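As a plain string of letters, each chain reads:
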Amino acid sequence: MSQPYTPTPRTRVVREAHRAVYDRETAYRILDEGFLCHVGFAVEGQPFVIPTLYGRSGDSLLVHGSAASRMLRQMKEGVAVCVTVTLVDGLVMARSIFNQSMNYRSVVVLGKAMLVDEPNEKLEALRVLSEHIIPGRWADVRPPNERELKQTSVLRVPMDEFSCKVRSGPAIDDEEDYAFPAWAGVVPLEMKAGEPIADDRLMAGQRVPEYARSYRRG
């Protein structure tokens, strides 16, 4: 069931406000299909935007990072972040350059990122991240050891403030441009997995697992 959400002044969509969606079901669908986000934060007035992997646990995002990263070195009681995820569904070709567009689905989350420190909670967060990206993989591989856990950090970002923005459908031209002799339409785009490529040092008898052979998003 949809869970309506009242946007805050910081998350209310201003430009193309008719494309805004404020419910958790839509946000969760977009987040569950993607796995790459961009995390924005500031250090001494200098903004940074870092691409990284993420997963979702309930109404929180789990963001993966190196313990030596610039963002994590700022951690004391948390750091204010802006997390964005965008899925591009198509290129929209209009009869005028001004009206060219994209079909897309996006989520913006504002919050305070907190380190996941407790060992069992951290291990579970890494499992959630792994299963979000490649479902079924965690059970097949060696879990992280103590040294690896120390080198890896996970941040939890509560989805207290968020907004979605969605565009779909055909080109929208100015009425006079519909008589202009140019092709208009949509070029659909999608993420498509290729044929799995075995590692050169794969042990004999190892077959491609079903989750790799039939991998897809959405």
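Cut-offs applied
- Residues numbered from 1 in each chain as written.
- Predicted model: local features only at pLDDT ≥ 70, side-chain atom pairs only at ≥ 80, totals over all residues.
- Heavy atoms only, no water.
- Helix = DSSP H or I, 4+ residues; strand = E, 2+ residues; numbered from the N terminus.
- Buried < 20%, exposed > 50% of the residue type's maximum accessible area, 1.4 Å probe, protein only.
- Contact = heavy atoms within 4.5 Å.
- pLDDT = per-residue confidence, 0-100.
- Phe/Tyr/Trp six-rings, centres within 6.5 Å; stacked < 30°, edge-to-face > 60°.
- Lys NZ or Arg CZ within 6 Å of the ring centre and 35° of its normal.
- Salt bridge = Lys/Arg side-chain N within 4 Å of Asp/Glu carboxyl O.
- Lys, Arg positive; Asp, Glu negative; His and termini not counted.
- Patch = residues over 30% accessible without salt bridge, like charges linked within 9 Å, V, L, I, M, F, W, Y side chains within 5 Å.
- Areas by Shrake-Rupley, 256 points an atom, 1.4 Å probe, with all protein chains shown as cover.
- Core = buried A, V, L, I, M, F, W, Y, C linked by side-chain atoms within 4.5 Å.
- Disulfide = S-S within 2.5 Å.
- Pairing = 2+ DSSP bridges.

(A) Structural view of the overall build of the protein chain. Tallying secondary structure elements over the protein chain gives 5 helices and 9 strands in all. Counting from the amino terminus, helix and strand elements in the protein chain follow one another as β-α-β-β-β-α-β-β-α-α-β-β-β-α. Seen along its three principal axes, the alpha-carbon backbone of the protein chain occupies a region of about 65 × 50 × 40 Å. For the protein chain, the residues scored as buried account for 35% of the 218 residues in total. Partitioning the intrachain contacts of the protein chain with sequence separation of at least 6 by distance along the chain shows that 73% fall at a separation of at least 24.

(B) Structural context of the confidence of the model for the protein chain. Per-residue confidence for the protein chain gives a mean pLDDT of 91; residues scoring 70 or more make up 93%. Per-element averaging of pLDDT across the protein chain places helix α2 (residues 70-73) at the bottom with 64 and strand β9 (residues 185-188) at the top with 98.

(C) Spotlight on the environment of M159. Along the polypeptide, M159 turns up in the loop between β7 (152-158) and β8 (161-167). Since its relative accessible area comes to 0%, M159 is described here as buried. When the C-alpha atoms of M159 and I172 are compared, they prove to be 33 Å apart, with 13 residues separating the residues in sequence. In this structure M159 touches R24, A27, Y28, L31, D59, S60, L61 and V109, once residues within four positions along its chain are discounted.

(D) Structural detail: unusual backbone geometry. The backbone phi angle of E44 is positive, close to 50 degrees, even though this residue is not glycine. Tracing the backbone shows E44 in the loop between β2 (36-43) and β3 (46-57). The class for E44 is exposed, based on a relative accessible area of 83%.

(E) Region of interest: the packing of aromatic side chains. According to the stated counting rule, one finds 1 aromatic pair in the structure shown. The residue whose ring lies beneath R56 is Y28, and the NZ or CZ to ring-centre distance is 3.9 Å.

(F) Broad picture of the pattern of salt bridges. Taken as a whole, this structure holds 11 salt bridges when the rule is applied. For R105, the salt bridge goes to E33, with nearest N and O atoms at 2.9 Å. With a gap of 72 residues between them, R105 in strand β6 (residues 101-115) and E33 in helix α1 (residues 24-33) connect regions that are remote in the sequence. E33 sits in the partly exposed class, given a relative accessible area of 22%. Notably, a salt bridge pairs R95 with D173, separated by 2.9 Å at the nearest N-O pair.

(G) Looking closely at the side chain of D177. Within the secondary structure, D177 sits in the loop between β8 and β9. Buried and unpaired, D177 has R95 as its nearest opposite-charge partner, separated by 8.2 Å. Residues contacting D177, with those up to four places away along its chain left out, are R95 and S96.

(H) Summary view of a nonpolar patch on the surface. There is a patch of nonpolar side chains on the surface, built from V88, L91, M93, M102, W183, V187 and L189 and spanning about 570 Å² of accessible area. Residue contributions to the nonpolar patch peak at 3 residues, all from strand β5 (residues 79-93). Structurally, W183 is set in the loop between β8 and β9.

(I) Structural context of the nonpolar core. With 28 residues, the main nonpolar core has L61, V81, V83, V109, V157 and M159 as its most contacted residues. Excluding residues that lie within four positions of it along the chain, V109 makes contacts with L61, V81, C82, V83, V157, P158, M159, E161 and F162. Membership of the second largest hydrophobic core comes to 8 residues, among which are L62, V116, L149 and V154.

(J) Main features of the state of the cysteines. The final tally for this structure, using the stated rule, is 0 disulfides. C37 carries a free sulfur, and the closest cysteine sulfur to it, the one in C82, is 10 Å from it.

(K) Layout of the pairing of β5. Note that β2 and β5 share 3 bridges and pair antiparallel. Within the sheet, the bridge partner assigned to V39 lies in β5 and is V83. Note: β5 against β6, 13 bridges, orientation antiparallel. When the bridges of β6 are listed, V79 appears paired with A113. Examined bridge by bridge, β5 and β9 share 4 bridges and lie antiparallel to one another. Each residue of the ladder has a partner; that of M93, found in β9, is G185.

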